[in-house]
Amino acid sequence: MSDPRLHSLHLEGQPRRDTFRAARQVLQAACGSQTVAGDVRALVEADLGASTIAAPLGAPGAVLAGRFAFYLKDGSNIYPLHLGMNSIGRLPDNDVIVRDECVSRRHCAILIHSDLRCELHDVASKNGTVLNGKKIPAPTRLQSGDQITLCNRRLTFQIAEAAPEPMIVPAAS
């Protein structure tokens with residue numbers, strides 16, 4: 001995967017760049033082929049069926065299979081998440097931009113798999129990523145309501161059921 005969000009050009013110094021590259025390899029290895037395809041918006045409904053399609057929903061979040069919306073909440077701000085990798089950090093090309101000097105340019109990533117599993121990955125951030133009060137040493141599974149702390153910023157990971165679409169019943173003729 002040649003995702004520009006995973007390039008290490010923004011890092012200064014070889015030890016930090018090597019740590020980032022190792023974290024990048026773990027993140028890329030965690031992606032399954034359908035998850036990666038969804039991340040680059042390459043899934044086609046006709047090829048894989050409606051059960052694996054990610055369709056954007058204005059807010060909050062992306063709806064998977066018409067059933068669930070995934071998002072991060074930071075006070076009154078809501079950040080929609082999509083199938084695949086969702087990068088979080090200070091750089092403007094992240095999926096979730098956190099404007100805080102203490103947060104790394106590429107701080108962490110949330111991976112949403114096509115089977116609806118969700119993982120939090122620290123991407124070699126300087127200050128670490130904390131989940132529910134504990135610093136994560138490796139990729140960690142996420143559940144709805146989990147608290148993600150990046151320095152002094154607290155984000156709440158949410159999974160919500162999307163409202164069912166109304167059924168259209170053809171009129172009897």
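Residues numbered from 1 in each chain as written. Predicted model: local features only at pLDDT ≥ 70, side-chain atom pairs only at ≥ 80, totals over all residues. Heavy atoms only, no water.

Explanation requested: unusual backbone geometry in the structure shown.
Glycine aside, the phi torsion of most residues is negative, and most peptide linkages are trans. Here leucine 116, not a glycine, exhibits a phi torsion of approximately 75 degrees, which is positive. Mapped onto the elements of the fold, leucine 116 is located in the loop between strand 7 (108-112) and strand 8 (118-122). Residue leucine 116 is classed as partly exposed on the basis of its relative accessible area of 23%. One non-glycine residue, asparagine 132, lies in the positive phi region at around 50 degrees. Looking at the secondary structure, you find asparagine 132 in the loop between strand 9 (130-131) and strand 10 (134-135). (Helix = DSSP H or I, 4+ residues; strand = E, 2+ residues; numbered from the N terminus. Buried < 20%, exposed > 50% of the residue type's maximum accessible area, 1.4 Å probe, protein only.)

What is the right way to look at the environment of arginine 117 in this model?
You can see arginine 117 is positioned in the loop between strand 7 and strand 8. Separated by 24 residues in sequence, arginine 117 and arginine 141 have C-alpha atoms that sit 7.6 Å apart. Residues contacting arginine 117, with those up to four places away along its chain left out, are Leu111, Ile112 and Arg141. At 2.9 Å, the side chain of arginine 117 forms a polar contact with the side chain of aspartate 115. (Contact = heavy atoms within 4.5 Å. Polar contact = N/O pair within 3.5 Å; in protein donor to acceptor, adjacent residues only side chain to side chain.)

Help me out: how do you make sense of the pattern of salt bridges in this one?
Pairs may arise between side chains of opposite charge once their charged atoms sit close together. This model, assessed by the stated rule, comprises four salt bridges. Residue aspartate 115 is joined to arginine 117 by a salt bridge in which the shortest nitrogen-to-oxygen separation is 2.9 Å. (Salt bridge = Lys/Arg side-chain N within 4 Å of Asp/Glu carboxyl O.)

Looking at this model, I keep getting lost on the packing of aromatic side chains. Mind explaining?
For any two aromatic rings, the description comes down to two numbers: the centre-to-centre distance and the angle of the planes. For the structure shown, the criterion picks out one aromatic pair. When the centroid spacing of 6.4 Å and the interplanar angle of 35 degrees are considered together, the rings of phenylalanine 70 and phenylalanine 157 count as tilted. Of this pair, phenylalanine 70 sits in strand 3 (residues 68-74) while phenylalanine 157 sits in strand 13 (residues 153-161), placing them 87 residues apart in sequence. (Phe/Tyr/Trp six-rings, centres within 6.5 Å; stacked < 30°, edge-to-face > 60°.)

Any chance you could explain the side chain of aspartate 146 here in plain terms?
In this fold, aspartate 146 is placed in the loop between strand 11 (140-141) and strand 12 (147-150). Buried charge aspartate 146 goes without a salt bridge, the closest partner of opposite sign being arginine 141 at 8.9 Å. Looking at aspartate 146, its side chain comes within polar contact range of the main-chain nitrogen of glutamine 143, at 2.8 Å. The residues contacting aspartate 146, other than those within four sequence positions of it, are Leu131, Asn132, Arg141, Leu155, Thr156 and Phe157. (Lys, Arg positive; Asp, Glu negative; His and termini not counted.)

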